[in-house]
Amino acid sequence: MKNFLVVGVGPHARRNHLPMLSAGRAAGLVGTVIGVDLPHTADDIAAFNATADGTQLPVTVIAPFDPACRTLPAAVRDTLDGLVREHAIDAVVISTEPAFHMVYTHWALDRSLSVLLDKPLSVHVNCSVDPFQAAAILTDFDEVLGRYEAVRRVHPEVLVAVQCQRRHHPAFLRMRELISEVTDETNCPVTSVQSFHSDGQWRMPNELIDISYHSFDQGYGKCAHSGYHFFDIVPWLLRAGESPGKELDSVEVHANFSRPGDFLAQLDLDDYARLFPEFEAGNPYTQKQLLTATEAFGEVDAFVSTVYKSGGRTMTLGSINLVHNGFSQRGRFTPARANLYKGNGRVRQESHILQQGPFQAIHFHSLQTLGRDDEDGDAYGIGSQGHIELHVFRNSGFNSRWKKHETLDYDALTTTSASGLEEPTQSSSRRRAMQEFLEYVNGRRSRKEMSSELVDHRRGSTLMAGAYLSAAQQWVGGPPVAQLDFRPQNDGARHPDAGRGSGSAPDLMDVSL
């Protein structure tokens, strides 16, 4: 059994990683599990330990440090090194605030430890308003990939996996198969893709400042919170439609953001006072104070337009539209729970529409009407199960063997395997992603069987960097479109600083802004 260090024991880790590690212990895959977090999390961790089944999680406190640090402070590094030695740690789960992902990943790789890394791989403070910080998102990826490849030459068993659960979701796996089938027969790529996600997280004006978890005060927002899932899954689907001579090699990205100042114009403080009788007593800020304090905050919503090209020709037009401020079931000013990560009326709605020229259209819809773990109950979707549908339309006039229309619902997308029932839900898919990592580090799964290794994430990092580059360029009065290399692997020619460990962002000409 392998021993694990969890860096960052916040709401996401407590809800997802820790229960799976506990299940892994029962399955003989996990031995010791220890955690590391900041001093202010002590009460939350104590509450978690008070209700958790099985062994309590010992957590070591480390001092906060600046997210701009390119290496761990000596005291933090020494503490982690001591824990690795004392507990014979084999692998690390990194579930911190995203701005710290890279520094912990470099530390783990330098010690030849395998890593399960939360998304996004990297983000930089103020990347939505500073083009240099936006460009550094892509440099971070190239640097850590170079470090990873160097470590693997000496320790080939080391793995960095990225937790992107849609790659494990039965509906997305089926969509990829459908795209590949039509490409094999017609040589037609995906010609357009529209992706949408709303998490229905209604924040009150005062919470823009007072609540820091998944907030906007670091100069980034929705694109970094859950947006990477879509920057990842779109190219993962598009790749199934690529064929020789039609490989995607460049992308143009144009992002439009709404920020807290816009959010406060859509519903101002007078509106909130009318909507909630208790608002004026509970909100300590004026409209002017809020606007001043949040001026350079990150995005609440982001609509990102993309053009994917091959040899200068447009292969695919796309959009990735990401919304915090969407349909919600929150109905009270004072939240039922102080933590807005889940609950408090948060409702997820998601759709993907893909066209494959005249041959195929795919419509995916996953719709909640009530959020999980709400005071309103545990209802998930429109029906008694998760409301999920996959509609497949094919040109039967061209190919009489194709069905004109097929609908795959929750039951049709639920599969069985040696590990039991596999449901088409995000929670089940997260469990499969974690299970895959546990099996790998225990020698029960090969590298080629891994669904989300670091080497396969350059395109997702490119799209995220491109969205922030576009927004930051507009913030400083520059051009709205970012043009970037979209090849799956960087050949080093366009990013001369990659792999040097210098922490430098690439020259803007190197990403063809």
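(A) Main features of the overall build of the chain. When helices and strands are counted, the chain shows 16 helices and 17 strands. Evaluated residue by residue, the chain yields a buried proportion of 55% over its 513 residues. If you take every contact in the chain between residues at least 6 apart in sequence, the share linking residues at least 24 apart comes to 74%.

(B) Structural context of the nonpolar core. Among the nonpolar cores identified, the biggest contains 115 residues, and Tyr 104 and Tyr 468 are the most heavily contacted of them. Discounting chain neighbours no more than four positions away, the residues touching Tyr 104 are Val 7, Ile 62, Phe 65, Leu 72, Val 76, Leu 80, Ile 94 and Thr 96. Of all hydrophobic cores here, the second largest spans 13 residues; its members include Phe 216, Leu 269, Phe 297 and Val 300.

(C) Inspection of the packing of helix α6 (residues 170-186) against helix α9 (residues 228-238) at higher detail. Between α6 and α9, the shortest axis-to-axis distance is 9 Å and the interhelical angle comes to 30°. The orientation of α6 with respect to α9, classified from their angle, is roughly parallel. Contact residues: α6 offers Phe 172, Leu 173, Met 175, Arg 176 and Ile 179, while α9 offers Ile 233, Trp 236 and Leu 237.

(D) Representation of the pattern of salt bridges within the structure. Across all of its chains, the model carries 25 salt bridges by this definition. Across the pair Asp 142 and Arg 458 runs a salt bridge, and its minimum N-O distance is 2.9 Å. One end of the pair, Asp 142, is in helix α5 (residues 131-154); the other, Arg 458, is in helix α16 (residues 458-475), and 316 residues separate them in sequence. Like Arg 458, Asp 142 is buried.

(E) Broad picture of the environment of Met 464. Following the sequence through the fold, Met 464 ends up in helix α16. Residue contacts for Met 464: discarding those within four places in its chain leaves Pro 120, Ser 122, Val 123, Ile 137, Cys 223, Ala 224, Tyr 228 and Phe 231.

(F) Seen up close, empty space enclosed by the protein. Following the criterion strictly, the structure yields 5 cavities of 30 Å³ or more and no others. Secondary-structure elements contributing two or more residues to the lining of the largest cavity are α9 and α16. Looking at the lining of the largest cavity residue by residue, the classes come out as 3 nonpolar, 2 polar and 6 charged. What lines the second largest cavity is Gln 201, Arg 203, Leu 208, Phe 216, Phe 263, Val 300, His 324 and Asn 325. Looking at the lining of the second largest cavity, its residues break down into 4 nonpolar, 3 polar and 1 charged.

(G) Region of interest: the sheet that holds strand β8 (residues 250-258). If you walk across this open sheet you meet the 9 strands as β14-β13-β12-β11-β7-β10-β9-β8-β17, and the pairing is mixed. Both edges of this open sheet fall to β14 (405-408) and β17 (481-485), since each of them pairs with a single strand only. Strand-to-strand twist in this sheet, taken as the mean axis angle between neighbours without regard to direction, amounts to 10°.

(H) Region of interest: the sheet that holds strand β1 (residues 2-7). Taken together, the 6 strands give an open sheet; going across it, the order is β3-β2-β1-β4-β5-β6, and neighbouring strands pair in parallel fashion. In this open sheet, the two edge strands, each paired with only one partner strand, are β3 (59-61) and β6 (160-163). The sheet shows a mean angle of 20° between the axes of neighbouring strands, taken without regard to direction. Looking at chain direction, β1 and strand β4 (residues 91-94) are connected through 4 bridges and run parallel. Bridging from a neighbouring strand, Phe 4 pairs with Ala 91 of β4.

What counts as what
- Residues numbered from 1 in each chain as written.
- Predicted model: local features only at pLDDT ≥ 70, side-chain atom pairs only at ≥ 80, totals over all residues.
- Heavy atoms only, no water.
- Helix = DSSP H or I, 4+ residues; strand = E, 2+ residues; numbered from the N terminus.
- Buried < 20%, exposed > 50% of the residue type's maximum accessible area, 1.4 Å probe, protein only.
- Contact = heavy atoms within 4.5 Å.
- Core = buried A, V, L, I, M, F, W, Y, C linked by side-chain atoms within 4.5 Å.
- Axes fitted to C-alpha atoms, helices over the stretch in contact; angles between N-to-C directions.
- Parallel < 35°, antiparallel > 145°, perpendicular 65-115°, else oblique.
- Salt bridge = Lys/Arg side-chain N within 4 Å of Asp/Glu carboxyl O.
- 1 Å grid on protein atoms, 1.4 Å probe; cavity = no way out; pocket = protein on both sides within 12 Å on 5 of 7 lines; lining within 4 Å.
- Points joined across faces, edges and corners; volume = space filled by probe spheres on them.
- Nonpolar A, V, L, I, M, F, W, Y, C, P; charged D, E, K, R; others polar.
- Pairing = 2+ DSSP bridges.

Nothing here speaks to function; it is all geometry.
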